[in-house]
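Take a look at the letters that make up each chain.
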Amino acid sequence: MRLEDRNALVTGAGSGIGQAMAELFAKEGANVAINDIEADRLAETARLVEAEGRKALPLPFDVTDFAAVRDATAHAIEELGHIDVLCANAGIAPTVDFVDMSEDAWDRMIKVHLYGAFYCCKAVVDHMIERGHGRIIITASMSAINGDIHLTHYSAAKAGQVGMARALARELCGTGVTVNVIAPGLTKTNILGEVDDEVIQKYAPPIGRIGQPYDQAYAALYLASEEGSFVTGHTLQVNGGAF
Ligand SMILES: NC(=O)c1ccc[n+]([C@@H]2O[C@H](COP(=O)([O-])OP(=O)(O)OC[C@H]3O[C@@H](n4cnc5c(N)ncnc54)[C@H](O)[C@@H]3O)[C@@H](O)[C@H]2O)c1
């Protein structure tokens, strides 16, 4: 098992990619602190983690609230003993034309993704440096690289995550802490909202299918594992060839 005796903290773990990460990490031996802003979503994720014989620690909080992030992370460290892997994964993606975009919509998007990832990194990084080991994995998006129509705020926030991760990775080289990004392409989760399957298939990547949460979770597993220990500052594009 790749994550035997490891503990992970996954944000946005109540659904989609975060839930798949939590389940896969548990299959590979990790206990998982699972966060979501929607507290009721965490019961199913906890069930999946516990079904693998691992401990699940539900932590409902909003990643845009630094005090909440800090306190919950400290609680997770106390309960589990240590945190080896942080997946800063929580996200939203409401689409809006740039001309109609309110300042509030812009702020919320930047807050959830860029501040959220920053707060989560801040909350664990001292602990990881002290232990001489840590894996930080941020779920950005292909939008960071390509820019997506009706998602200027999202694309900007995700590009910010990529820049932050690269800089932090370089700053932390030699500490035992790696920092990497996953850039998913179209992946079938709740974030796609009410868009029906026919429309989604129209945008299917060249590989011939849209992504599934486990496609992203396996990428995170690689970066979290010993096998990924020489990789830092990287953005892994998990996109079925949709560059
Ligand atoms: N699905 C895709 O096609 C796709 C593509 C590129 C990137 N992503 C990114 O993947 C990540 C996971 O998204 P997903 O596709 O699994 O979507 P999802 O909607 O299934 O899961 C996202 C989870 O994040 C939670 N969340 C939202 N705001 C939060 C906050 N402020 N604090 C804590 N939790 C919060 C939601 O409640 C939800 O459970 C996101 O960062 C998203 O931007 C997804």
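Residues numbered from 1 in each chain as written. Predicted model: local features only at pLDDT ≥ 70, side-chain atom pairs only at ≥ 80, totals over all residues. Heavy atoms only, no water.

Just to check I follow, could you spell out the pattern of salt bridges for this structure?
Any two side chains of opposite charge can pair if their charged atoms end up close together. According to the stated counting rule, one finds 13 salt bridges in the structure shown. Residue Glu44 is joined to Arg47 by a salt bridge in which the shortest nitrogen-to-oxygen separation is 2.9 Å. Taken together, the residues span about one helical turn, with Glu44 and Arg47 both in helix α2 (residues 42–51) at a distance of three residues. Residue classification places Glu44 among the partly exposed residues on the basis of a relative accessible area of 36%. On the accessibility criterion, Arg47 (45% relative accessible area) is partly exposed. (Salt bridge = Lys/Arg side-chain N within 4 Å of Asp/Glu carboxyl O. Helix = DSSP H or I, 4+ residues; strand = E, 2+ residues; numbered from the N terminus. Buried < 20%, exposed > 50% of the residue type's maximum accessible area, 1.4 Å probe, protein only.)

Would you take a moment to explain the site of the ligand for this structure?
Looking at the ligand, there are 31 residues lining it, with Ser15, Ile17, Asp36, Tyr154 and Thr189 nearest. One of the side-chain nitrogen or oxygen atoms of Arg41 is found 2.8 Å away from an oxygen atom of the ligand. At a separation of 3.5 Å, an oxygen atom of the ligand approaches a polar backbone atom of Asn190. Alone, the ligand offers 830 Å² of accessible surface; in the complex the protein occludes 95% of this. If you list the elements that add at least two residues to the shell around the ligand, you get α1 (16–27), β2 (31–36), α4 (103–131) and α6 (152–172). (Near = heavy atom within 4 Å. Polar contact = N/O pair within 3.5 Å; in protein donor to acceptor, adjacent residues only side chain to side chain. Areas by Shrake-Rupley, 256 points an atom, 1.4 Å probe, with all protein chains shown as cover.)

What is the right way to read the environment of Arg41 from this model?
Tracing the backbone through its elements, the reader meets Arg41 in the loop between β2 and α2. In this structure the C-alpha to C-alpha distance between Arg41 and Pro60, which are 19 residues apart in sequence, comes to 9.3 Å.

How should I be thinking about a nonpolar patch on the surface in this particular structure?
Side chains of Leu186, Val195, Val199 and Tyr203 sit close together on the surface and give an oily, nonpolar patch of about 340 Å² of accessible area. Structurally, the position occupied by Val199 is in helix α7 (residues 197–202). A residue is classified by how much of its surface remains accessible, and Val199, at 35% relative accessible area, is partly exposed. (Patch = residues over 30% accessible without salt bridge, like charges linked within 9 Å, V, L, I, M, F, W, Y side chains within 5 Å.)

Just checking my understanding: could you explain the nonpolar core for this structure?
Note on soluble globular proteins: their nonpolar side chains tend to be buried together. Core analysis: the largest hydrophobic core is formed by 35 residues, its most contacted members being Leu59, Leu86, Ile136 and Ile138. Listing elements by their share of this core, those giving two or more residues are β3 (56–60), α3 (66–80), β4 (85–88), α4, β5 (134–139), α6 and β6 (177–184). The greatest single-element share of this core, amounting to nine residues, is contributed by α4. Those residues within four positions of Leu59 in sequence are excluded, and the remaining contacts are Leu9, Ala33, Ile34, Asn35, Asp36, Leu42, Ala72, His75 and Ala76. By size, the runner-up hydrophobic cluster in this structure holds 30 residues, among which are Val10, Ala220, Leu223 and Ala224. (Core = buried A, V, L, I, M, F, W, Y, C linked by side-chain atoms within 4.5 Å. Contact = heavy atoms within 4.5 Å.)

Would you take a moment to explain the environment of Asp107 for this structure?
Inspection of the secondary structure puts Asp107 in helix α4. For the pair Asp107 and His153, spaced 46 residues apart in the sequence, the C-alpha separation amounts to 8.4 Å.

Sorry if this is basic, but what is going on with the packing of aromatic side chains here?
Where two aromatic rings form a pair, the distance of their centres and the angle of their planes describe that pair. For the structure shown, the criterion picks out four aromatic pairs. A centroid spacing of 5.9 Å and a plane angle of 75° characterise the contact between Tyr115 and Tyr119, whose relative ring orientation is edge-to-face. Taken together, the positions of Tyr115 and Tyr119, both in helix α4 and four residues apart, correspond to about one turn of that helix. On the basis of relative accessibility, which here comes to 11%, the residue Tyr119 falls in the buried class. The ring of Phe66 carries the charged tip of Arg70 above its face, separated from the ring centre by 5.6 Å. Over the aromatic face of Tyr115 sits the side chain of Lys111, whose NZ or CZ is 4.4 Å from the ring centroid. (Phe/Tyr/Trp six-rings, centres within 6.5 Å; stacked < 30°, edge-to-face > 60°. Lys NZ or Arg CZ within 6 Å of the ring centre and 35° of its normal.)

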